[in-house]
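Per-entry structural report
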Amino acid sequence: MYHQPVLKNRRTLLERAEKFISDIYFTDCNLRGRLYGDTCPLERLSVFVSPKRMSYSDAVGQQFQPCKVGDTFGPTWWTCWFKVSLTIPESWRGKEVHLRWESDGEGMVWKDGEAVQGLTKEGEKTTYVLTEFLKDDEPHSTTLYVELACNGLFGAGQGSMIATPDPNRKFTVQIAELVVFNRNVRELLTDFEMLVDIVKLLGEEEQRSYQALFTANEMVNLCDPSNPGSFSAARDLAQKFFSQRNGESQHVVHAIAHCHIDSAWLWPYEETIRKCGRSWATVIGLMEKNPEFVFACSQAQQFQWVKNWYPGLFSQIQTYVQKGRFIPVGGTWVEMDGNLPSGESMVRQFLEGQNFFKTEFGHFCREFWLPDTFGYSAQLPQLMAGCGITRFLTQKLSWNLVNTFPHNTFFWEGLDGSQVLTHFPPGNSYEMKGKVEDLIKTMKNNKDKGRANHSAALFGFGDGGGGPTQLMLDRFQRVKDTDCLPRVQFSSPDRLFSELEADSGLLCTWTGELFLELHNGTYTTQAKIKMGNRQCEVLLHDIEVASCLAWCLNKTFSYPSHRLQELWRKLLLNQFHDVIPGSCIEMVVKDALEYYEEIRSTGSSLLNVACEALGSGDCTAVLNTLPWGRREVILLTGCNDVQPRLDGTFVMENGVLQAVLDHKGCLLSLSLVETSREAISDRCAGNQFVLFDDVPLYWDAWDVMDYHLQTRKPVVEVLKPAEVGSNGGLRGSITFSLRISSLSTITQEVVLDADCPYLKFNTQVNWAEAHKFLKVEFPVRVRSSSATYEIQFGHLQRPTHRNTSWDWARFEVWGHKWADLSEHGFGVALLNDCKYGYSTYQNTMTLSLLRAPKAPDANADVGRHEFTYAVMPHIGSFQEASVIQSAYNLNFPLRLVPSAADKANWSAFSVSPAAVVLETIKQVSSQEVALATAAIPSLCDLLECPDPKRQAAITPTGILLDFRPFQIVSLLLIL
């Protein structure tokens, strides 16, 4: 058909195509307005509303009340169960019929007692397919149930996503009806959408952009929305365009379906269970219709939840896992924080996760999958390697505020030299939508062009769940191999990494931590969560040591493996990357604190049972859970002295240290008695509390910005001057109180114990601030270009200067039990029992104590806090001065075991040299592993699988092991 040649006005042609598929403009006559055909009301809609979440079997037995579209339900976090009775009109024979459901809550369709699909408007899932082609012999009437959570995909924030949830919000069912779904319209809309995006994103410089433009314009000419017979000609034009192929050298995008679900964040743990059910049921439905579709899914905890709550769905998942289409990844119990959990906690994340995947699905994961965590410890490569994992995927460093990370595909080298192949998807997202923009970003952002020609595109709604949609799959199908776009293939993590491994000869190596230059307020936010984590890590460690010793000495003792696993799994759950960082709503904080209390309560009982068994065995009075050799308990040789002086200062001395404090508790002097070496800088004071304004750009609980350092205000108002608390004997102390503001106070006991190498500060803070940051400073007489911080099973150095942007971006860093600033021959260490945020600038060492963000928890950190930190000057290096051992001693107190007076001392283990730490003693998780091993010491990996090629050498004095720096060694003993 002849028509006038198109004018060269790019804007009008582009807007013409856009308006033709708009859901806002001209829907009375454009293509979008024809997506749905005839409609029919539901036969009957009724509802049951409950403040609690409940199972399907419990819900359907309740009393349902009639309701209608437009009614409101709630409040927030309640659950509505809708009974949907429907009859499809006979006249719709041969049509595709959907239940159309739109609500501002998250819905789940239940059919015949099984969860079958999510219905979430924010996740672009607003219809459920009743039939793809209505036949005479299929039922026209049926009853479905829709379970509606009174929360959105991202919770229920008041005014913004991360705001405190609105507890009184009401939710509405806006549409509930039967519709004829015009599949041919949907297909043509997808064609138009992809062409329009190619026009806009390739731009005026690319010839291919104009080809797409003129193709779309000609399709509008051919297509009459009111005449479906005209659609095929338009689709043929689109197909002709899409089928023009790429060259063989074009970049390959591996489209991997994914659904990142935060195990808790802006919603509680319990709601995450339903998010998993909604998302994964939808995935199974897509698999049934799309043979190429594969889906990668992490977090063993979430699989466990689905197994418990949706056994039918879990059975389907197991079937698709065996087919290689539903792919477990990650190998950990949850996607944990990459900074704050201890080394042993990280091992347990892998141990519990990998064992679960092996038990339920028959194999371990080969990829560590952690796309959304706030930084990555330098010890992770060794932990991965020790757990059978050689590949790592994340994308979070694309969030860096200051520096752009230089690689997308590279080898990451850890603290001990272990390397893992690492991939950051260049599109900088784990929730792409299959759009042209996603593909172009993936190709253009690749920082390893010429080194790596394969990249991942993770697609599917994430964070709050939802996952992939049929529309996303259709988009990728259109452009699998289209000129000017990267080639696309539906893929799996294994296929991606196999391609990268096959062509890895030119890849670069990054050594050390992957530090995220953002979210460094999470090292401090929600201090009670941090304390609960540290205390429970210590408690579980001690239970395992005591239980192992009791198991060896007392044959009537039963090792509490099952109960320990339950407690460990609760602790591991709380290490999820929005819980232990404190970036979650108050409801989650309460759940987390309850889990810690349960661990403490049950754990204390387990420890008491083990200690009682030890007391009745062949050992005696003191259980030392750390193998430092001798720890003196009774025979303390030092004598403390605390003396007030006429100038109002106080002198504390114990034969090792001498400290001078003023009436405000500030540390004027701290010196080593033996050498008289002063630790505090001239004309400065240590233990100086300082308060900062703390108003980030957006992410309140997450971020502390560099400009907060310009608002420093010392805390100087004395509420109660220093006075002697204890004088002489085994302990000396002074106490004092300060006023932080009209709302908050500090009370502190400064303690010097006999023969102790550090000065301890037992601290209580009543905290009611808003957007303030409390720290304590120690300006020390040490000069060094780097400070050392403890991390998992090791330590690393970070700069104390701000020479480059990479240096000053680390104005707030994380560490565990200690940090040290040393020059040749002398240094000072800061120890703590529950803090993780540090800063060392020039010669000032700072420990971060408390924050006061107001979103997403308006009451974050408000209340009473108790914690302890210590300062330890020392001669020589921190290794020579036993700083590591002192930090352990502060965190792992001796535990007394009642026993008969005639029992002999007994030592289960000793380690030499002192540089080697015997971190954990536990019963092997699988008895089958132990029984299959020879009855001699055997080296094993971190999953406790023995390596028959690596036997430990036995000598007359013990077991001989070789260590590389920072190496983790696991030894299997058969007793």
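Residue positions are given per chain, counting from 1 as you read along its sequence in written order. Local features in a predicted model are, by the rule used here, given only for residues with pLDDT of at least 70; side-chain atom pairs are given and counted only at 80 or more, and totals for whole chains, interfaces and linings are based on all residues. Side-chain calculation: all heavy atoms of the structure are included, whereas hydrogens and water are not.

Convention followed: UniProt positions are given in the numbering used here, feature names are shortened, and annotations may be inferred rather than shown by experiment.
Looking at an unreviewed UniProt entry, one finds the protein chain named alpha-mannosidase, with Denticeps clupeoides as its source organism. Recorded in UniProt for the protein chain, the comment headed Catalytic activity (unreviewed entry) runs: "Hydrolysis of terminal, non-reducing alpha-D-mannose residues in alpha-D-mannosides." Its UniProt record gives the protein chain a comment under Sequence similarities (unreviewed entry), which states: "Belongs to the glycosyl hydrolase 38 family."

1. Some remarks on the overall build of the protein chain
We count it as follows: Only runs of H or I of at least four residues qualify as helices and only runs of E of at least two qualify as strands under DSSP, and these elements are numbered from the N terminus. Computation of the radius of gyration draws on C-alpha atoms, with the globule rule given as 2.2 Å multiplied by the number of residues to the power 0.38. When a residue's accessible area, from a 1.4 Å probe over protein chains only, is under 20% of the maximum for its type it is buried; when over 50% it is exposed; and in between it is partly exposed. Between two residues, a contact is recorded if the distance between any of their heavy atoms is within 4.5 Å. Only the protein chains shown count as cover for residues, and all accessible areas are computed by the Shrake-Rupley method using a 1.4 Å probe. Charge counting treats Lys and Arg as positive and Asp and Glu as negative, with His and both chain ends excluded. Just so you know, the charge point we use is NZ for Lys, CZ for Arg, CG for Asp and CD for Glu.
Counting its secondary structure elements, the protein chain contains 19 helices and 48 strands. The C-alpha atoms of the protein chain give a radius of gyration of 32 Å, which matches the 30 Å a tight globule of 975 residues would have. Residues classed as buried in the protein chain amount to 59% of the 975 residues present. For the protein chain, contacts bridging at least 24 residues in sequence account for 74% of all contacts bridging at least 6. If you sum the accessible surface of the protein chain, you get close to 38100 Å²; carbon and sulfur atoms cover 51% of it. Between the averaged position of the 91 positive side-chain charges in the protein chain and that of its 112 negative side-chain charges there is a distance of 3 Å.

2. Things to note about the nonpolar core
In plain terms, the rule: To qualify as a nonpolar core, a set must consist of buried Ala, Val, Leu, Ile, Met, Phe, Trp, Tyr and Cys residues joined through side-chain atoms within 4.5 Å.
Formed by 219 residues in total, the largest nonpolar core has its most connected members in Trp-280, Phe-326 and Leu-774. It is helix H14 (residues 527-553) that contributes the most residues to this core, 12 residues altogether. Phe-326 has contacts with Trp-280, Val-283, Ile-284, Met-287, Phe-295, Cys-297, Phe-303, Ile-317, Tyr-320 and Val-321, leaving out every residue within four places of it along the chain. Leu-42, Ile-88, Val-109 and Leu-144 belong to the second largest nonpolar core, which has 28 residues in total.

3. Details of the UniProt feature "domain: Glycoside hydrolase family 38 central" (unreviewed entry) in the protein chain
Taken from the UniProt record, the annotation "domain: Glycoside hydrolase family 38 central" (unreviewed entry) applies to residues 517-596. As annotated, residues 517-596 has a helix share of 65% and a strand share of 0%, and its two end C-alpha atoms lie 30 Å apart.

4. Details of the sheet that holds strand E48 (residues 970-972)
Pairing between sheet strands relies on hydrogen bonds along the backbone, with the strands arranged either parallel or antiparallel. Stated precisely, the cut-off is as follows: Here a strand pair is declared whenever DSSP counts at least two bridges between the two strands. Axis lines are fitted through C-alpha atoms, for helices just across the contact stretch, and the angle between N-to-C directions can take any value from 0 to 180 degrees.
Taken in spatial order, the 3 strands make up an open sheet running E45-E44-E48, and their pairing is antiparallel. In this open sheet, the two strands that pair with only one neighbour each are strand E45 (946-951) and E48. Taking the axes of each pair of neighbouring strands and ignoring which way they run, one obtains an average angle of 50° across the sheet. Pairing of strand E44 (residues 938-940) with E48 involves 3 bridges; the strand directions are antiparallel. If you follow Ser-938 over to E48, its bridge partner there is Leu-972.

5. A look at the packing of helix H3 (residues 183-202) against helix H4 (residues 207-222)
As a reminder of what qualifies: Each crossing gets its handedness from the near helix: less than a right angle anticlockwise from the far helix is left-handed, clockwise is right-handed. Under the convention adopted here, Pro, Cys and the residues Ala, Val, Leu, Ile, Met, Phe, Trp and Tyr are nonpolar, Asp, Glu, Lys and Arg are charged, and Gly plus all remaining residues are polar.
One way to put it is that H3 packs onto H4 with a least axis distance of 8 Å and a crossing angle of 145°. Read as a crossing pair, H3 and H4 show a hand that is left-handed. Counting all contacts with H3, which are made through Leu-188, Asp-191, Phe-192, Leu-195, Ile-198, Val-199 and Leu-202, the residues of H4 involved are Arg-208, Ser-209, Ala-212, Leu-213, Thr-215, Ala-216, Met-219 and Val-220. Of the residues contributing to the contact of H3 with H4, the split by class is 11 nonpolar, 2 polar and 2 charged.

6. Concerning the packing of aromatic side chains
Stated precisely, the cut-off is as follows: Stacked, tilted and edge-to-face are the three classes applied to pairs of Phe, Tyr and Trp rings, where Trp contributes its six-membered ring and a pair requires centres within 6.5 Å; stacked means planes under 30 degrees apart, edge-to-face means over 60, and tilted covers the rest.
Taken as a whole and judged by the stated rule, the model has 52 aromatic pairs. Ring geometry for Phe-303 and Phe-326: centres 6.2 Å apart, planes at 75°, overall edge-to-face. Remark: Phe-326 occurs in strand E14 (residues 326-328) and Phe-303 occurs in helix H7 (residues 300-309); sequence separation between them is 23 residues. Like Phe-303, the residue Phe-326 is buried in the burial classification.

7. As for helix H1 (residues 10-20)
As a reminder, the rule being used: The arc refers to the directions leading from the helix axis to the C-beta atoms. We call two N or O atoms a polar contact when they sit within 3.5 Å, provided that within protein one can donate a hydrogen and the other can accept it, with sequence-adjacent residues counted only if both atoms are side-chain atoms.
Among the residues making up H1, those that are buried are Arg-10, Leu-13, Leu-14, Ala-17 and Phe-20. Each buried residue of H1 lies within a common arc of 125° when the element is viewed along its axis, so the set occupies one face. The elements touched by buried residues of H1 are H3 and H4. For H1, the capping residue at the N-terminal end is Asn-9, with a side-chain oxygen 3.3 Å from the backbone nitrogen of Arg-11.

8. Examining the pattern of salt bridges
The condition that has to hold: Only one rule defines a salt bridge in this text: a Lys or Arg side-chain nitrogen within 4 Å of an Asp or Glu carboxyl oxygen.
Scanning all chains against the criterion turns up 51 salt bridges. Across the salt bridge formed by Arg-391 and Glu-501, the nearest N and O atoms sit 2.8 Å from each other. Highlighted residues: Arg-391 in strand E16 (residues 391-393) and Glu-501 in helix H13 (residues 493-502), separated in sequence by 110 residues. Overall, the relative accessible area of 0% leaves Arg-391 in the buried class.

9. A closer look at the side chain of His-865
Looking at where His-865 falls in the secondary structure, it is placed in strand E42 (residues 863-875). Within the structure, His-865 has its side chain in polar contact with the backbone oxygen of Asp-861 (distance 2.6 Å). Other than its neighbours up to four places away in sequence, His-865 contacts Ala-527, Lys-528, Thr-763, Gln-764, Val-765, Trp-767 and Leu-850.

10. Brief notes about empty space enclosed by the protein
Going by this rule: Cavities and pockets are found on a 1 Å grid laid over the protein atoms alone: a cavity is a set of points where a 1.4 Å probe fits but cannot escape, a pocket is an open set with protein on both sides within 12 Å along at least five of seven lines, and a lining residue has an atom within 4 Å of such a point. Grid points are joined across faces, edges and corners, and a volume is the space filled by probe spheres set on the points.
Enumeration according to the criterion identifies 4 cavities of 30 Å³ or more in this entry. Roughly 100 Å³ of volume is contained in the largest cavity. Lining the largest cavity are 15 residues, and of these Pro-799, Arg-810, Phe-811, Ser-839 and Thr-840 lie nearest its centre. In terms of residue count, strand E40 (residues 837-841) provides more of the lining of the largest cavity than any other element does, 4 residues in total.

11. Observations regarding the pairing of strand E18 (residues 419-423)
Summarising burial for E18: 4 of the 5 residues are buried, a large majority. For E16 and E18, the ladder comprises 3 bridges, and the chain directions are parallel. Note on E18: the bridge partner recorded for Arg-391 is Leu-421. Pairing geometry for strand E17 (residues 409-413) and E18, over 5 bridges, is antiparallel. Pairing of Thr-409 across the sheet is with His-423, part of E18. Here E17 hands over to E18 after 5 residues, with Gly-417 in that stretch at a positive phi of 100°.

12. Here's the deal with the confidence of the model for the protein chain
Spelled out, the test is: Per-residue confidence from the predictor is reported as pLDDT, which spans 0 to 100.
Model confidence for the protein chain is summarised by a mean pLDDT of 94, while 96% of its residues fall at 70 or above. Taken together, the stretch residues 628-637 has pLDDT below 50 and engages in 18 contacts with residues farther than four places along the chain or on a different chain. Confidence drops under a pLDDT of 50 for residues 930-935, and excluding neighbours within four residues, the segment shows 8 contacts in the predicted structure.

13. Topic: the sheet that holds strand E41 (residues 844-851)
Taking strand neighbours across the sheet as the criterion, the 6 strands line up as E29-E28-E34-E41-E40-E37 in an open arrangement whose pairing is antiparallel. In this open sheet, the two strands that pair with only one neighbour each are strand E29 (713-714) and strand E37 (813-814). Where E37 lies against E40, 2 bridges are found, and the strand directions are antiparallel. By the bridge assignment for E40, Val-813 is matched with Tyr-838.

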